[in-house]
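The lines below spell out each chain.
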Amino acid sequence: MSLQSKLFAFFIAIVVFPLAFASFFGQSVIVRELDRRAYSELRPAQVAATVVYQERIDGGRDRIQLIATDERFQQFLIAGDFKQLEALMLERLTAENNRLDFVIVADASRTVLAKALTQPNYLANIVPPTAEEIASRELVVTRKLLFTDTRIPIRSPQSNEIAWVVVGGSYLDNEFVGSLGAKSGADATVFIDEHAVSSTLERIRGSKRSVRIDLLGQKPFFKSEIADDDVYAVSSVIKGGVPLQDAALVMSNSQEPVEKLKNAIRRSLVVLLILALFGSALLGYMLAKVISRPLREVADGARAIAEGKYDQHIEVRSRDEVGQLAVTFNEMSEKLMVHVSQLQESREELKRALARFGEMLRSTHDLDSLLEVILDTSIDTLNAKRGWLMLPGPRGAMNLAVSRHFEGLDADAGKGLAAYVAESGKAWLYPEGDAHLNGDLASETVLAVPLYSQEKLVGVLSLFDREEVGVFTTADLNTLVSLAGQAGVAIENVMLHREAQQLAIMDGLTGVFNRRYFQMQFDQEIHRAARFSDEFSVIMLDIDDFKKLNDAHGHQMGDSVLVELSRRVSAVIRDVDWFARYGGEEFILLLPATPLDGGIRTAEKIRAAVAGRPFHGEIIETTVSVTVSAGVACFPIHGRERAALIRAADSALYVAKGNGKNQVVVGEPI
């Protein structure tokens, strides 16, 4: 066998066989890793679903407790007026924040006296529980597990014995698991006695036959088949004390995407092996042919490789012409190590830059963090010693926003350079630029670029001196300009986000909260006060004779009065108080942890602050006298619901208007 044939066969052996072994071994590792990741993705979904499940139960428990302790509820119950009782329960079921699907009242013998139920949405083959079944505790396990319930006993005022039981809860139906699936991002299915009773899977919901799954002996994470679909699944109990095989919540994801990926990997490995076989055969033939050429020619070719054209390295085994070839290859290897080291350093710099910009994208709602990321990324990318970022302020002045390694420097130093770049809109490179712009910085080399977003200046970024010997180049300037383009857009996005947040909750004219946001805070305060048995006050304000003011002075004057009124009220109230424009010239205040007498005092302060001094200033050219009327209500004296409290305060406001205006009136208690 010739030398060329031996080299060819040897090359095939050392390349193809290890590659084939690595491919098949790597395939099994990748497949296992794909399965592991598929399971790991379900763990957060399981946790999220469990949290939502518990929140739904806790919310329902709190809601049924409020219903059972409601004064009207107990009056109807004791009086035996079950028709009114059912109407009240139905009203509570359809309330805005309702977390219940049914409310049932039964006597001590579990006989249903009154009921209010929504229509459950189980799978087609599941028979919904009746009110009698829900009220009864004598149920088989499979029927008990179709719903979650809270039972509140109520004692008779005559005998002080338990005479009634209020039962409330939620169905474990398709609507219920739909909320779990929406929060977790995975499919949710409830199995009771191995049968599916509710699910987010469309294939199950569209099926008329019973869907079963054997949960006995399953591990926490497992593969299974649900409705003819292979899935990755994780199971958890839905009620304490119930074995997993009797009732479980199963979160699942289809195996189909992972199986497609596995098949694609297998096909890729086969193609890779085929290409490797042909490629190695070709390279082996060429390498053997080159080595068999005259040794001196091979040595000359090796010296060419030493100039940086190839990246091979061989062992020196002799001092003949082949040995000369080895020495030449080794010389080449040493030079390549320098090049590789430089490339590795460049790659690390690029990785740091990408990491910085990734962090920048994640923190786009935090302007301070965003500015720091922009500056740090620019310093690291261009190996600068120092740097700062300035933002435009009032009247075009440039203000220092963030800096690095300029401890003890005068804040005004370098503002001339920033102002020049901002005004000219051009990037600046020193020492190629004018020396006088370097000012008090005394830096050997400087880069400064403007930051724009949609042709609007949002900042100036400057870098000073290099870590290594040398000055910044035009290539460095182009790199910084590229980074500045992305940075300007990111800064503008933060500012737009802040503006959008303000517009979403604030009244555009007066700068106080708008009605929608106020109502959200109102509902939270009702929940807080009810939970901690606290009080709070509500004040409705209305400008007296506002229409006459508009007719006499124009709507622009009316708008100015609304703005000045908002300023005066804001100066009187506390930081914890909520002040909003309710509509037109009508305003509303919510005073947390404030009893009725405190609400009256605050209303009087506001009335005096408005009436005590005429309205005149920068935005009001003509002096006008303004008064307000106010109506005051208090939780829970005037109601426990938002509508009742606002109605009480509003009614008192109209009484104040009718009694002569410029006064405070308290609403009638319920």
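These remarks concern the structure in this document.

Conventions and cut-offs
- Residues numbered from 1 in each chain as written.
- Predicted model: local features only at pLDDT ≥ 70, side-chain atom pairs only at ≥ 80, totals over all residues.
- Heavy atoms only, no water.
- Salt bridge = Lys/Arg side-chain N within 4 Å of Asp/Glu carboxyl O.
- Helix = DSSP H or I, 4+ residues; strand = E, 2+ residues; numbered from the N terminus.
- Buried < 20%, exposed > 50% of the residue type's maximum accessible area, 1.4 Å probe, protein only.
- Contact = heavy atoms within 4.5 Å.
- Patch = residues over 30% accessible without salt bridge, like charges linked within 9 Å, V, L, I, M, F, W, Y side chains within 5 Å.
- Areas by Shrake-Rupley, 256 points an atom, 1.4 Å probe, with all protein chains shown as cover.
- Phe/Tyr/Trp six-rings, centres within 6.5 Å; stacked < 30°, edge-to-face > 60°.
- Lys NZ or Arg CZ within 6 Å of the ring centre and 35° of its normal.
- Lys, Arg positive; Asp, Glu negative; His and termini not counted.
- Core = buried A, V, L, I, M, F, W, Y, C linked by side-chain atoms within 4.5 Å.

**Focus on the pattern of salt bridges**
Taken as a whole, this structure holds 24 salt bridges when the rule is applied. Linking Arg92 and Asp70 is a salt bridge whose minimum nitrogen-to-oxygen distance equals 3.1 Å. Placement of the pair is Arg92 in helix α3 (residues 82-93) and Asp70 in the loop between α1 (3-68) and α2 (71-79), with a sequence separation of 22 residues. Close ionic contact of Asp597 with Arg601 constitutes a salt bridge, the shortest N to O distance being 3.8 Å. With a gap of four residues between them, Asp597 and Arg601 both fall in helix α17 (residues 596-611), about one helical turn apart.

**Details of the side chain of Ser170**
With respect to the helices and strands, Ser170 occurs in strand β4 (residues 162-171). With a relative accessible area of 2%, Ser170 lands in the buried category. Residues within four places of Ser170 in sequence aside, it is in contact with Arg56, Arg99, Leu100, Asp101, Phe102, Phe147, Thr148 and Phe176.

**Let's talk about a nonpolar patch on the surface**
Together, Val270, Ile274, Leu277 and Phe278 make up a nonpolar patch on the protein surface, roughly 400 Å² of accessible area in all. Within the secondary structure, Ile274 is located in helix α8 (residues 256-291). Ile274 sits in the partly exposed class, given a relative accessible area of 44%.

**Quick notes on the packing of aromatic side chains**
Applying the stated criterion across every chain, the model contains 13 aromatic pairs. Considering the side-chain rings of Phe513 and Tyr517, the 5.1 Å spacing of their centres and the 35° angle between planes classify their relative orientation as tilted. Using a relative accessible area of 18% as the deciding quantity, one classes Tyr517 as buried. Every member of this aromatic cluster is reached through a ring pair, and the members are Phe102, Tyr122, Phe147 and Tyr171. Looking at Arg515, its charged tip hangs above the ring of Tyr582, at a distance of 4.0 Å from the centre.

**Concerning the side chain of Asp173**
Within the secondary structure layout, Asp173 lies in the loop between β4 and α6 (174-184). Of the side chains bearing the opposite charge, Arg56 lies closest to the buried Asp173, which forms no salt bridge; the N-O distance is 6.2 Å. Sequence-distant contacts of Asp173, defined by excluding residues within four places in its chain, comprise Pro120, Asn121, Tyr122 and Ser198.

**Side note on the environment of Leu145**
By the element assignment, Leu145 lies in the loop between α5 (141-144) and β3 (147-155). When the C-alpha atoms of Leu145 and Val190 are compared, they prove to be 9.8 Å apart, with 45 residues separating the residues in sequence.

**What about the nonpolar core?**
Among the nonpolar cores identified, the biggest contains 58 residues, and Leu180, Ile226 and Leu249 are the most heavily contacted of them. Tallying contributions element by element places α1 first for this core, with nine residues. With sequence-adjacent residues up to four places away left out, Ile226 is seen in contact with Phe191, Leu201, Ile204, Val211, Ile213, Val231, Val250 and Ser252.

**Describing the environment of Ile600**
Residue position: Ile600 is located in helix α17. On the accessibility criterion, Ile600 (28% relative accessible area) is partly exposed. It is 8.6 Å that separates the C-alpha atoms of Ile600 and Ser537, two residues lying 63 residues apart in sequence.

So, to be careful, I would describe these as geometric facts and stop short of saying anything about function.
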